[in-house]
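Single-letter residue listing:
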Amino acid sequence: MTLFKHEMRQARLSIIIWTASIGFLMAICILMFPEMKGEMDSVSDMFASMGSFSAAFGMDRINFGSLDGFYAIECGNILGLGGAFFAAFCAVTALAKEEKDHTAEFLLTHPVSRVHIITEKLAAVLAQIVIMNVLTLAISIGSMYIVGEEIPWENILLMHLAYFLLQLEIGGICFGISAFVRRGGIGIGLGLAVMMYFLNIVANISDKAEFVKYITPFGFSDGADIITSGEIDAAMVSVGMALGVIGIIAAYAKYTKKDIAG
């Protein structure tokens, strides 16, 4: 577990910055809700009549006057996109940074196998994602207690579970990418997250593109869908987790045979 502990020590500042940033923005949105609640009925009607723009973000299917409806759009976009960026950032640098920072030669001279190195680095990526999600959930729940609103536990927990699964999928795919690149690939990881986000917007706008929801994790983590159905689409999750697992398998297959520059 030495490498795992080293990775976690290196990631401390990153975890703090990302969690504080995402948590702060979510808390601000929740703290604003009581002031805005009285005007939300008219806002919901306005958004429902905005056609494709409303459909793109699911605003035509939920009630902004309820805490879970407001949370799905305002906080959901923050945690969804911010969490995707965080998972991509953690995972896509995990294996590549040894070559980028010229520490691979030192690491590989130790009596540990490459499989062991990959496993501990993967465990560190998963731990970072778990920590960020636990802390942002705690911040959100704490903010709801502060404003004195009744907490819609089922919908809130379902949404957070969906965003956690989203991050696992993107993390798995980016972890696979990290085995193939030599210079960090941060741009690739963040670009992948952005692409996945906009694919879901396209799927929401056009019925002909609905199949795209099975490609992007933002399809099963759409807050409006979760609130209206009361569940996470199991088929979409299965496809997403399979893509993440394929990424991890690719990382093992590539990194164990890769000619690594010191």
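Since the structure is predicted, the reported quantities are computational estimates derived from the model, not experimental observations.

(A) Local environment of the packing of helix α4 (residues 67-92) against helix α8 (residues 153-178). Two elements in contact, α4 and α8, have axes separated by 8 Å at closest approach and are oriented at 20°. Between α4 and α8, the angle is such that the two are roughly parallel. Remark: the crossing between α4 and α8 carries right-handed chirality. Residues belonging to the contact of α4 with α8 are distributed by class as follows: 16 nonpolar, nine polar and one charged.

(B) Region of interest: the environment of Phe 33. One can find Phe 33 in helix α1 (residues 2-36). The spacing of Phe 33 and Phe 64 is 31 residues in sequence and 9.6 Å in space, taken between C-alpha atoms. Not counting residues within four places of it along the chain, the set of residues in contact with Phe 33 comprises Phe 64, Gly 65, Ser 66, Leu 67, Phe 70 and Glu 149.

(C) Region of the structure containing the packing of aromatic side chains. For the structure on display, the rule yields five aromatic pairs. Aromatic side chains Tyr 197 and Phe 198 sit 5.5 Å apart centroid to centroid with 85° between the ring planes, which places their arrangement in the edge-to-face category. You can call Tyr 197 buried: its relative accessible area is 13%.

(D) Representation of the pattern of salt bridges in the model. Overall, the coordinates contain three salt bridges when judged by the stated rule. The partner of Lys 121 in a salt bridge is Glu 7, with the nearest N and O atoms 2.9 Å apart. Placement of the pair is Lys 121 in helix α7 (residues 114-147) and Glu 7 in helix α1, with a sequence separation of 114 residues. We note that Lys 121, like Glu 7, is buried. Across the salt bridge formed by Lys 213 and Asp 222, the nearest N and O atoms sit 3.8 Å from each other. Asp 222 matches Lys 213 in its accessibility class, with the two residues each being buried. Within this structure, Lys 213, Asp 222 and Asp 225 form a network of salt bridges that share partners.

(E) Inspection of the packing of α4 against α7 at higher detail. It is the contact of α4 with α7, at a shortest axis distance of 11 Å, that shows an interaxial angle of 160°. Between α4 and α7, the crossing angle belongs to the class labelled roughly antiparallel. The element α4 and its partner α7 pack so that their crossing is right-handed. Residue-level contacts link Leu 67, Tyr 71, Leu 79, Gly 83, Phe 86, Ala 87, Cys 90 and Ala 91 of α4 to Val 125, Gln 128, Ile 129, Met 132, Thr 136, Ser 140 and Met 144 of α7. Per-class residue counts for the contact of α4 with α7 are 11 nonpolar, four polar and no charged.

(F) Focus on the side chain of Glu 7. Since its relative accessible area comes to 4%, Glu 7 is described here as buried. A distance of 2.9 Å separates the side chain of Glu 7 from the side chain of Lys 121, its partner in a polar contact.

(G) Quick look at the nonpolar core. Tyr 71, Met 144, Met 159, Ile 170 and Phe 175 are the most contacted members of the largest nonpolar core, which has 68 residues in total. Within the residue set of this core, elements represented by two or more residues are α1, α4, α7, α8, α9 (186-205), α10 (223-229) and α11 (234-255). Ranked by residues supplied to this core, first place goes to α4 with 15 residues.

(H) Up close: the confidence of the model for the protein. In this model, the protein carries a mean pLDDT of 84, and residues with pLDDT of at least 70 account for 84%. Considering each helix and strand of the protein separately, the mean pLDDT is smallest for helix α3 (residues 52-57), with a value of 55, and largest for α8, with 95.

(I) Just a nonpolar patch on the surface, in detail. Taken together, the side chains of Phe 24, Leu 25, Ile 28, Leu 31, Met 32 and Ile 146 present a nonpolar region at the surface, about 580 Å² in accessible area. Along the chain, Ile 28 turns up in helix α1.

Criteria and thresholds
Residues numbered from 1 in each chain as written. Predicted model: local features only at pLDDT ≥ 70, side-chain atom pairs only at ≥ 80, totals over all residues. Heavy atoms only, no water. Axes fitted to C-alpha atoms, helices over the stretch in contact; angles between N-to-C directions. Helix = DSSP H or I, 4+ residues; strand = E, 2+ residues; numbered from the N terminus. Parallel < 35°, antiparallel > 145°, perpendicular 65-115°, else oblique. Left-handed = near helix turned anticlockwise from the far one by under 90°. Nonpolar A, V, L, I, M, F, W, Y, C, P; charged D, E, K, R; others polar. Contact = heavy atoms within 4.5 Å. Phe/Tyr/Trp six-rings, centres within 6.5 Å; stacked < 30°, edge-to-face > 60°. Buried < 20%, exposed > 50% of the residue type's maximum accessible area, 1.4 Å probe, protein only. Salt bridge = Lys/Arg side-chain N within 4 Å of Asp/Glu carboxyl O. Polar contact = N/O pair within 3.5 Å; in protein donor to acceptor, adjacent residues only side chain to side chain. Core = buried A, V, L, I, M, F, W, Y, C linked by side-chain atoms within 4.5 Å. pLDDT = per-residue confidence, 0-100. Patch = residues over 30% accessible without salt bridge, like charges linked within 9 Å, V, L, I, M, F, W, Y side chains within 5 Å. Areas by Shrake-Rupley, 256 points an atom, 1.4 Å probe, with all protein chains shown as cover.

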